[in-house]
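Report on the structure
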Amino acid sequence: MISKNKLKELSVYKQQKRCEEASVFVVEGVKMCNEALAANAPIRVVCATNSWLSQHPNLPNQAEIYEIEQDNLSRISNMSAPNEVWMLLDRNLSNFPKGNKLTLAIDHLQDPGNIGTIIRTADWFGVRRIVCSADTVSCYNSKVVQSTMGGIFRTEILYTDLPSYLGNCGLPVFGALLDGENIWSGHNSLWLPAEGAVLVVGNESRGISTEVQLHITHRVTIPNLGGTAESLNASVACAILIAQLLQPSISN
């Protein structure tokens, strides 16, 4: 059974700053922790109920494993209703599955739910690389991690100077802008090129920054058929654009 001292030691990881300093992140709940195991993620610590541990006898040898009462999970959990198991993982995720040739570029998104949903959407469509601007919310934020529904273990996520990356990637760059071409115009120029492409997702309120717009080679727009809503949610727009770019492979 886990000691009080160990609980106190692990409780510091409720703070994002402490996770950043130790280059770790927290995964919680049966669904997400099972995803971590399936992906052979680098697990440091497992705290779980006797029931969960009895169902998972072959945990990684390098992990510290502690049995914990359900009531004590709240001392280390960020969830309002902790669910059986909590894990602490290293951030050096690797061995991502093979995907298609589309890369997502995220420009200054700040909402954890949006980022998590975008990672989950990328996972669904087989997009295995996401490149984020340095000021985008961390993919290891606890809310982001949980909302990826396991996609974080199957998607390479990098943080860098986005204009510089786009300027040197050597690929067509798609971005949704009001003066862009209707994505449903039927032109095959709006499909994923054979060499691959980058799709830019802009900030929730300001869209794609001026610096990043300079590197967009294919300006596209999602028509506002209702004519009343001011804008689309960033993660919804991302899903629509991915589906359009991958249309030939989806239809086949």
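Here's a quick rundown of the structure. (Residues numbered from 1 in each chain as written. Predicted model: local features only at pLDDT ≥ 70, side-chain atom pairs only at ≥ 80, totals over all residues. Heavy atoms only, no water.)

Now for the overall build of the protein chain. Helix and strand content of the protein chain: 10 helices and 10 strands. The 252 residues of the protein chain split such that 47% are buried. Taking the contacts inside the protein chain whose residues are at least 6 apart along the sequence as the reference set, 77% of them involve residues at least 24 apart. In the protein chain, 19 side chains carry a positive charge and 23 a negative one; their mean positions are 5 Å apart. (Helix = DSSP H or I, 4+ residues; strand = E, 2+ residues; numbered from the N terminus. Buried < 20%, exposed > 50% of the residue type's maximum accessible area, 1.4 Å probe, protein only. Contact = heavy atoms within 4.5 Å. Lys, Arg positive; Asp, Glu negative; His and termini not counted. Charge placed at Lys NZ, Arg CZ, Asp CG, Glu CD.)

Moving on to the pairing of strand β7 (residues 156-160). Along any regular strand, the residues point their side chains to alternate faces of the sheet. In this sheet, β7 lies alongside strand β6 (residues 129-133) in parallel orientation, the contact comprising five bridges. If you follow C132 over to β7, its bridge partner there is Y159. Each parallel crossover has a hand, and the one from β6 via helix α6 (residues 142-147) to β7 is right-handed. (Pairing = 2+ DSSP bridges. Right-handed = clockwise from strand over helix to strand, strands pointing away.)

Let us look at the pattern of salt bridges. With the rule as written, the count across this model stands at 11 salt bridges. Close ionic contact of D123 with R154 constitutes a salt bridge, the shortest N to O distance being 2.8 Å. Here D123 is found in helix α5 (residues 112-125), whereas its partner R154 is found in the loop between α6 and β7, with 31 residues between them in sequence. Residue E156 pairs with R129 through a salt bridge whose shortest N-O separation is 3.3 Å. Placement of the pair is E156 in strand β7 and R129 in strand β6, with a sequence separation of 27 residues. (Salt bridge = Lys/Arg side-chain N within 4 Å of Asp/Glu carboxyl O.)

Attention now moves to the environment of S133. By the secondary structure assignment, S133 is in strand β6. The spatial distance from the C-alpha of S133 to the C-alpha of L109 is 8.5 Å, given a sequence separation of 24 residues. Those residues in contact with S133 that sit more than four places away from it in its chain are I106, D107, H108, Y159, T160 and L162. One polar contact links S133 to D135, side chain to side chain, over a distance of 2.6 Å. (Polar contact = N/O pair within 3.5 Å; in protein donor to acceptor, adjacent residues only side chain to side chain.)

Next up on the list: the side chain of E28. Within the element layout of this structure, E28 appears in strand β1 (residues 24-28). Of the side chains with opposite charge, K14 comes closest to the buried, unpaired E28, at an N-O distance of 8.4 Å. A polar side-chain atom of E28 sits 2.3 Å from a polar atom in the side chain of S77. A polar side-chain atom of E28 sits 3.0 Å from the main-chain amide nitrogen of N78.

Next up on the list: the side chain of S138. Take S138: it is sitting in the loop between β6 and α6. Accessibility expressed as a relative area gives 18% for S138, which makes it buried. Within polar-contact distance, the side chain of S138 engages the backbone nitrogen of Y140 at 3.0 Å. If we skip the residues at most four places from it in the chain, S138 touches Q16, E20, R91, V144 and Y159.

Here the focus is the sheet that holds β1. Taken together, the four strands give an open sheet; going across it, the order is β1-β4-β2-β3, and neighbouring strands pair in mixed fashion. Looking at which strands have only one partner, the edges of the open sheet turn out to be β1 and β3 (64-67). In this sheet, adjacent strand axes meet at a mean angle of 15 degrees when their direction is disregarded. Two elements, strand β2 (residues 43-48) and strand β4 (residues 85-90), share five bridges in a ladder whose sense is antiparallel. Along β4, the bridge assignment pairs C47 with W86. This element, helix α3 (residues 30-38), spans β1, β2 and β4 of the sheet and lies at about 40 degrees to β4. (Axes fitted to C-alpha atoms, helices over the stretch in contact; angles between N-to-C directions.)

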